[in-house]
Amino acid sequence: MWLEPTEALRFDGSTIVVGTPDRLAADWNDEKHSPILAGHAPVALGHPVTIVFQVTEERKNRPQMDLFVAPPAVAPRSGDLPAPLSSRYTFDHFVIGKSNELAAAAAQAVAQAPGKAYNPLFLYGDTGLGKTHLMQAIAHEIVSRIPATRITFVGTEQFMNDLVASIQGRTMPDFRRRYRETDLLLIDDVQFLKGKGESVQEEFFHTFNALYESGRQIVLTSDRPPSEIRGLEGRLVSRFQWGMVADIEAPQLEHRIAILRHKAELDHLEMTIPDDVIRFIAEHVHSNIRELEGSIIKVLAYASLKHRGEITLEVARDALREKLRDSGSATLAGGRKGMASPDGIAGLTIDTIQARVAEEWGVTADGLKSKTRTKALTAPRQVAMFLCRELLGAQLVEIGQAFGGRDHSTVIHSLERVAAEVSTVPAFRVRVEKLRSGLDGLRG
Amino acid sequence: MRFTISREKLQEGLAAVAASVPTKTTLPVLANILVETTERGIRFSGTDLDIAVSAEVTADVEIAGAVTIPAKKLTDIAREMLPAPVRIAAANEQRVTIECGRSKFKLLGIPRDEFPSFPAVRFEDSWRVKSAELHKLISHTTFAVSNEESRPILNGVLWALRQDYMRMVATNGHRLAKMQVPIERSTAGANDLIVPPKALEQVRRLFPPAEELEIARGDNHLGFRSPMAAVFTRLIEGPYPDYEQVIPRDNNRIAVVDKDALVGALKRMSIVASDQTHRVRLSFNAGSVRFSVQTPDLGEAQDELAIRYTGDPLEIGFNASYLLEILRYLPTDEVKLTFKGPEQAATIEPEGWDDPAQFLCLVMPLRLID
């Protein structure tokens, strides 16, 4: 009865943080269940952990205050941000170079004077160049000064999903409150608005106006400038251009080196990556920053698996062999939102997805393929199916086969369940997104 | 089993226990009422396994026995019957016949062995409580319990017994109601019981205020009984939160308001307030309180009342329905509200209440948008 309403919030290797609805549940669980659960850790994980229960942030931030839920701390710690914000995406961690200085300066100005400097701020550039990073940095900066700021950060697809769900569920007032009673609206990838039904663009237009007129800051990102988003209504295009439109281009060599150094520093890797390796990576990976960072990780993984932790130019060459082969060609193919065919991807298969999801939920991959329908298994199984569909574009029948010979209608149901939960439960969305981006990194 | 009972007594007995019969159940016998003969007449019992209720009425018993009869059908029959004596008999403790005047029914019952036995609560160590005092506590506090599944403790009402007083506390985290009444020196030890509000509702319905009740605690159950009726309930496993800790002691902004005027203003504001949040803004100043609501896509409204107010001006938001609900249970014409700040608990109490009981309500603010 006391553990049922809790949810795992995060695990950093030695501490598991579990969310509860209020302080009494946190205290009670701490006293009664922490020692018992911690006692299982050496068996389950191979090393001891501490288990801490605390009130979930979402509860603390509800407008209706609660006698047994302390309001959010005045100076938020890095872990206390509104759900989908990543603590890494701050201005401190944004490496400024020629290709992004205009965008960075505009973002800084917006963070200093939200709703006043440039409204809306429209950032555009190719995928993986730091648009989302800058956008979240604005949110971090504002929250650190005014902790009570209400931030809404969503992707355009989620905005559309929410809209459709609230039209179907007749909960438009909730939808409007969610998007209009906010101090800072961050919307990623607005290019996906193109060609969407009139009602989506219409609602977006009204949301935009409501916020704009009350002086709330809006930040948008896209892969191209507003005028080039075909199928976008003229009135939206013109509004997007009201404030500041700033572009981010691919970084130059020196800039790439600086980014890699920063990444190494951030992860405390400075002792292990020699300069010539950094330079080697920077010279050969020039598409985008995500790939740049992914390459470091790949080199490190290679080094620790095959070369006993020694990082040399040889190791780097070995690790990035495939990248080198097609370097020069557009490495953006099959980028993060693209739908790639299953056979075009190295390292990312249904098996790997099952393994990762099982690991995340603390179950076995065999369990996902079994007939068992306990709650502990159905949730990860559905997520794994969802990710197979999203990341691999696998056929429904194929997915059903891979998960213990399930019917394709079962798969459809699973996909719908996950999609619905992703759009309604922020913590769940974060978890799925984390898995998705982790798995995305496995693409060749 | 065979007995004759007046239609009125039959209806009285059934009405007492009908509410304890679950409408949906996976265990068929729970949809039945247990009918047993006793020395004084007939005892009716119903239970949903969490709460069990029984009531005795007078009847002429010819042959002792017991059977369970479908509650809904028996109640419907008792309602439609002509006002004449009713003869009820059960053969093999299963086939039930009911006769009244020239009406005749045959129903299929379930043997009493299948009916769950009542929780083991031993009344040897019981204590006594005046029903009227219990009524008073129940009717002023149970409204505030939580029905949020994720907070099981708050789904119960705390009944705290001490040597010279007893109190009840209920809260859903957003608002809290606490009432305390002095009692004559109790023989029972101090006891903190967390009782499901449904059980308390049964207690209030079943026992008239004039009676004195006997109460006893089992391991995980609580029993209430009078000579003619009994209620048993499962207790919720504690501990109850430290509510004393959240009761503000240093609220320094104090308003005294005419209750009906306040209710009127809040009801007017509620019309235009958001259906979801019921958010209303109150601005307290020396001599007056201004109300305002603003709801996107709907409109806005303002109102103002003359009040007695001491302290610095204050802007604070509340869920209007929480305030209205509390005001409904306040017994006096004037009410006192105290505040500390826009994000701290407010208190609401009766003002000038000439009663030995103490009544205090808390309500947490709703954050204002800007």
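Residue numbers restart at each chain and count upward from 1, following the sequence in its written direction. Throughout, the order in which chains and ligands are written sets their labels, letters from A for the former and numbers from 1 for the latter. Only residues with pLDDT of at least 70 are given local features in this predicted model, and only at 80 or more are side-chain atom pairs given and counted; all residues enter the totals for whole chains, interfaces and linings.

Draft legend 1. Up close: the overall build of chain A. For helices the rule is a DSSP run of H or I covering at least 4 residues; for strands it is a run of E covering at least 2, with both sets numbered from the N terminus onward. The helix and strand tally for chain A stands at 20 helices and eight strands. Here chain A holds 444 residues, and the buried ones make up 37% of them. If you take every contact in chain A between residues at least 6 apart in sequence, the share linking residues at least 24 apart comes to 69%. With C-beta atoms placed from the backbone, a residue is labelled by how many other C-beta atoms lie within 10 Å of its own: buried for 20 or more, exposed for 12 or fewer, partly exposed between the two. Two residues qualify as a contact pair if the distance between their C-beta atoms, derived from the backbone, is within 7 Å.

Draft legend 2. Expanded view of the confidence of the model for chain B. pLDDT runs from 0 to 100 and stands for how confident the predictor is about each residue. Taken residue by residue, chain B gives an average pLDDT of 93. The fraction at 70 or more is 99%. Among the scores for the predicted complex, ipTM is 0.81 and pTM is 0.56.

Draft legend 3. Summary view of the nonpolar core. The nonpolar core is taken to be a set of buried Ala, Val, Leu, Ile, Met, Phe, Trp, Tyr and Cys residues joined by way of C-beta atoms within 7 Å. One finds I33(B), M168(B), V203(B), V231(B), V280(B), F318(B) and V363(B) to be the most contacted residues of the largest nonpolar core, which totals 112 residues. V203(B) has contacts with L134(B), I138(B), F224(B) and V231(B), leaving out every residue within four places of it along the chain. Formed by 66 residues, the second largest nonpolar core is a distinct cluster that contains Y124(A), L134(A), V143(A) and I311(A).

Draft legend 4. Quick look at the environment of G352(B). Residue and element names in this part refer to chain B. Inspection of the secondary structure puts G352 in the loop between β25 (346-351) and β26 (358-363). Overall, the presence of 10 C-beta atoms within 10 Å leaves G352 in the exposed class. Each C-alpha atom, one on G352 and one on D333, is 8.6 Å from the other, the two residues being 19 residues apart in sequence.

Draft legend 5. Geometry of the interface of chain B and chain A. Taken together, the contacts link 24 residues of chain B with 20 residues of chain A. For the side of chain B that touches chain A, the per-class residue count stands at twelve nonpolar, seven polar and five charged. The classification used treats Ala, Val, Leu, Ile, Met, Phe, Trp, Tyr, Cys and Pro as nonpolar, Asp, Glu, Lys and Arg as charged, and all other residues, Gly among them, as polar.

Draft legend 6. Inspection of the pairing of strand β6 (residues 66-70) of chain B at higher detail. All names here are of chain B. Burial runs high along β6: five of the five residues are buried. What makes two strands pair is DSSP finding at least two bridges between them. Here five bridges tie strand β2 (residues 32-37) to β6, and the two strands are oriented antiparallel to one another. Bridging across to β6, I33 finds its partner in I69.

Draft legend 7. Structural view of the sheet that holds strand β15 (residues 212-217) of chain B. All names here are of chain B. Reading across the sheet, the eight strands line up as β6-β2-β3-β4-β17-β16-β15-β10 and stay open at both edges, with antiparallel pairing between neighbours. Two strands bound the open sheet, and with one partner strand each, they are β6 and β10 (127-130). The sheet shows a mean angle of 20° between the axes of neighbouring strands, taken without regard to direction. Inter-axis angles, ranging from 0 to 180 degrees, are taken between N-to-C directions of lines fitted to C-alpha atoms, where helices are fitted over the stretch in contact. Packed onto the sheet, helix α1 (residues 7-18) meets β2, β3 (41-47), β4 (51-58) and β17 (229-234) and runs at close to 170° relative to β4.

Draft legend 8. The arrangement of the confidence of the model for chain A in detail. Residue and element names in this part refer to chain A. Looking at chain A as a whole, the pLDDT averages 79, with 86% of positions reaching at least 70. Ranking the elements of chain A by mean pLDDT puts helix α14 (residues 321-325) last with 69 and strand β7 (residues 217-222) first with 92. The low-confidence segment residues 74-81, where pLDDT is below 50, has twelve contacts with residues more than four positions distant or belonging to other chains.

Draft legend 9. Unusual backbone geometry, seen in detail. With an omega of -5°, the peptide bond between N119(A) and P120(A) qualifies as cis. Position of P120(A) among the secondary structure elements: in the loop between α4 (101-112) and β4 (121-125). Positive phi, close to 80°, is recorded for L49(B), a residue that is not glycine. Structurally, L49(B) is set in the loop between β3 and β4. The class for L49(B) is exposed, based on 12 C-beta atoms found within 10 Å. Backbone geometry at H278(B) places phi at a positive 55°, although glycine is not the residue there. Its place among the elements puts H278(B) in the loop between α6 (259-272) and β19 (279-285).

Draft legend 10. The arrangement of the pairing of β17(B) in detail. Residues and elements named next belong to chain B. β17 sits mainly inside the fold: five of its six residues count as buried. Strand direction decides the pairing type here: β4 and β17, joined by five bridges, are antiparallel. Within β17, the position partnered with A55 by the bridge is A229. Bridge count for strand β16 (residues 221-225) against β17 is five bridges, and the pairing is antiparallel. Looking at β17, one finds that L222 is bridged to T233. The turn joining β16 and β17, which pair antiparallel and follow one another in sequence, is formed by three residues.

Draft legend 11. Fine view of the sheet that holds strand β12 (residues 165-171) of chain B. Residue and element names in this part refer to chain B. Overall, antiparallel pairing links the nine strands, which are arranged β14-β11-β12-β13-β26-β25-β24-β18-β22 in an open sheet. Looking at the sheet topology across the chains shown, the edges are occupied by β14 (191-195) and β22 (308-310). Adjacent strand axes in the sheet meet at a mean angle of 15° when their direction is disregarded. In this structure, strand β13 (residues 175-182) lies alongside β26, joined through six bridges in antiparallel fashion. Note on β26: the bridge partner recorded for Q180 is Q358. Sheet contacts for α6: β18 (253-258) and β24 (334-339); angle to β18, the most-contacted strand, approximately 90°.

Draft legend 12. Up close: helix α7 (residues 320-329) of chain B. Residue and element names in this part refer to chain B. A320, Y322, L323 and I326 are the residues of α7 that are buried. Down the axis of α7, the buried side of the element spans an arc of 160°, and every buried residue falls inside it. Turning to α7, the residues buried within the fold contact β13, α6, β19, β23 (314-319), β25 and β26. Arc definition: directions from the helix axis to the C-beta atoms.

Draft legend 13. Quick peek at helix α2 (residues 71-80) of chain B. Residue and element names in this part refer to chain B. Every buried residue of α2 is accounted for by A71, L74 and A78. Burial along α2 is one-sided: seen end-on, the buried residues are contained in an arc of 70°. Exposed side of α2, more than 90 degrees from the buried face: D76, R79 and E80 are the residues found there. Structurally, α2 contributes buried residues whose contacts are with α1, β2, β3 and β6.

Draft legend 14. Main features of the environment of A301(B). All names here are of chain B. Locating A301 in the fold gives a position in strand β21 (residues 299-306). Sequence separation of A301 and F291 is ten residues, and the distance between their C-alpha atoms is 8.0 Å. Beyond its immediate sequence surroundings of up to four residues, A301 is in contact with R268, M269, V272, S292 and V293.

Draft legend 15. Quick look at the packing of α6(B) against α7(B). Residues and elements named next belong to chain B. The interhelical angle for the contact between α6 and α7, taken along N-to-C directions, is 150°, at an axis separation of 10 Å. If you check the angle between α6 and α7, you find them roughly antiparallel. Judged by the twist between their axes, the crossing of α6 over α7 is left-handed. Here K259, L262, V263, L266, K267, M269 and S270 of α6 come into contact with α7, specifically with A320, S321, L323, L324 and L327. Tallied by class, residues from the contact of α6 with α7 come to eight nonpolar, two polar and two charged. Our angle categories are set so that under 35 degrees counts as roughly parallel, over 145 as roughly antiparallel, 65 to 115 as roughly perpendicular, and the remainder as oblique. Handedness of a crossing is defined here by the sense of rotation of the near helix relative to the far one, left-handed for an anticlockwise turn of less than a right angle and right-handed for a clockwise turn.

Draft legend 16. Expanded view of the environment of T310(B). Residue and element names in this part refer to chain B. As for its position among the elements, T310 is in strand β22. T310 gets classed as exposed once you count the C-beta atoms within 10 Å, which come to 12. Remark: the alpha-carbon pair of T310 and G287, spanning 23 residues in sequence, is separated by 8.4 Å.

Draft legend 17. The packing of helix α15 (residues 350-361) of chain A against helix α17 (residues 375-392) of chain A, seen in detail. Residues and elements named next belong to chain A. α17 packs onto α15 with a crossing angle of 145° between their chain directions and a minimal axis gap of 9 Å. Of the two possible hands of crossing, α15 and α17 adopt the one that is right-handed. Every residue of α17 that contacts α15 at I350, I353, Q354, V357, A358 and W361 is listed here: A379, P380, V383, A384, L387, C388, L391 and L392.

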